[in-house]
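What follows is each chain in one-letter form.
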Amino acid sequence: MNKRICGKIVTEGDELFYKVTGNGVPLIFIPGGGGDGDTFLPLADAMSDQFKVITFDRRANARSTANNLENFSVAQQSRDVLAILRAVGEESAFIFGNSSGGVIALELVKNFPGVVRLAVIHEPPLANFANDQERWLKFFGDCYQLALSKDSNKAATKFGMGVMGRITIAPLLSDIRLKAYLRKEPKLPGEVRLAGKIADDIFIKQELIPVTNYIPNKDILREHKEKLIFAAGDWTVNKNVWFAEVAQKLSNEIGSPFITLPGSHVSFMDKSKEWAPILSACYNKPQ
């Protein structure tokens, strides 16, 4: 593991936690559901010889605070990325966004294209771009209603089992391997993480519908298509998981490239040595 610089910044009423690994051209990772920047640390270590890798906990996740629980906003989350970059002394960066983080990255390109050198959008969960659009809109709505009527933890379990079409073994293995990797990651004095029940509440009741129902502004994105690459895991493609459909459809409709990366929705957690050269080649390609 590499030496890291840790810090916090207060923006729009919340304190955001971040880590910086390595030196070089800035590259910021935007995490998906759960919002924990440490999920990217294996990949940050693998890419730190070329990049100044910035990882962070999204607002209302992990070690960042949750002071405005009723006001989740994709636009605000994109402004948070900008605030983190400013905090580490950068005006622009390469971007990688996974899942919800990919949706936030699309919003960042729309609102702040000058900040984005190139963004890789990995498996964004946009139900309106799935082949079976109605099924997925209903599924996410059902998860939300279950959280309201019964329990967010049950809704989160339903979400986790259903979103992959019940083919969950590869993502589960990635999570197990990440936990083993992070056992050596030192905790900061007084480090406090958001309680799991609160995190589930926020994810299902606040984040799920705004993210999965998000409609990107394709006209603006086409103006900046050279700043975008869409991506999906080869496991995701081969298992016909709907995330791959979304990435491929957006690639076609916006006119940006589509690439595959080894593994599944979260394989950056345990296939970092395979991902690093592929992503480095994307970011090092002349713009």
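Residues numbered from 1 in each chain as written. Predicted model: local features only at pLDDT ≥ 70, side-chain atom pairs only at ≥ 80, totals over all residues. Heavy atoms only, no water.

S.K.: Mind showing me how you'd approach the packing of helix α5 (residues 152-162) against helix α7 (residues 196-212) here?
M.R.: The angle between the axes and the distance between the axes are what describe a pair of packed helices. The N-to-C vectors of α5 and α7 enclose an angle of 65°; their axes lie 8 Å apart at closest approach. Taken together, the axes of α5 and α7 are roughly perpendicular relative to one another. In this structure, the crossing between α5 and α7 has a hand that is left-handed. Here Ser152, Asn153, Ala155, Ala156 and Phe159 of α5 come into contact with α7, specifically with Asp200, Asp201, Phe203, Ile204, Lys205 and Leu208. Partitioning the contact of α5 with α7 into residue classes produces 6 nonpolar, 2 polar and 3 charged. (Axes fitted to C-alpha atoms, helices over the stretch in contact; angles between N-to-C directions. Helix = DSSP H or I, 4+ residues; strand = E, 2+ residues; numbered from the N terminus. Parallel < 35°, antiparallel > 145°, perpendicular 65-115°, else oblique. Left-handed = near helix turned anticlockwise from the far one by under 90°. Contact = heavy atoms within 4.5 Å. Nonpolar A, V, L, I, M, F, W, Y, C, P; charged D, E, K, R; others polar.)

S.K.: Please clarify how the sheet that holds strand β1 (residues 4-11) should be interpreted in this entry.
M.R.: Sheets are built from strands that pair by backbone hydrogen bonding, the pairs being arranged parallel or antiparallel. Spatially, β1-β2-β4-β3-β5-β6-β7-β8 is the arrangement adopted by the 8 strands of the open sheet, whose pairing is mixed. Looking along the sheet, the strands with just one partner apiece sit at the ends: β1 and β8 (258-261). Ignoring which end each strand starts from, the neighbouring axes of this sheet average 25° apart. Bridge count for strand β5 (residues 93-98) against strand β6 (residues 116-122) is 6 bridges, and the pairing is parallel. Looking across to β6, one finds that Asn98 is bridged to His122. The strands that helix α3 (residues 100-111) touches are β3 (25-30), β5, β6 and β7 (228-233); relative to β5, the one it contacts most, it runs at about 140°. (Pairing = 2+ DSSP bridges.)

S.K.: Mind showing me how you'd approach the packing of aromatic side chains here?
M.R.: What characterises a pair of aromatic rings is the spacing of the ring centres plus the angle enclosed by the ring planes. If you walk through the whole model with that rule in mind, you get 18 aromatic pairs. Ring centres 5.8 Å apart and planes at 80° place the aromatic pair Phe29 and Phe96 in the edge-to-face group. With Phe29 in strand β3 and Phe96 in strand β5, this residue pair connects regions lying 67 residues apart in the sequence. Across this residue pair, the class does not change: Phe29 and Phe96 are buried. Pairing Phe140 with Phe159 gives two aromatic rings, centres 6.2 Å apart and planes at 40°, and the pair type is tilted. With a gap of 19 residues between them, Phe140 in helix α4 (residues 133-149) and Phe159 in helix α5 connect regions that are remote in the sequence. The class for Phe159 is buried, based on a relative accessible area of 17%. Grouping aromatic residues by their ring pairs yields a cluster made of Trp136, Phe139, Phe140, Phe159, Phe203, Trp242 and Phe243. (Phe/Tyr/Trp six-rings, centres within 6.5 Å; stacked < 30°, edge-to-face > 60°. Buried < 20%, exposed > 50% of the residue type's maximum accessible area, 1.4 Å probe, protein only.)

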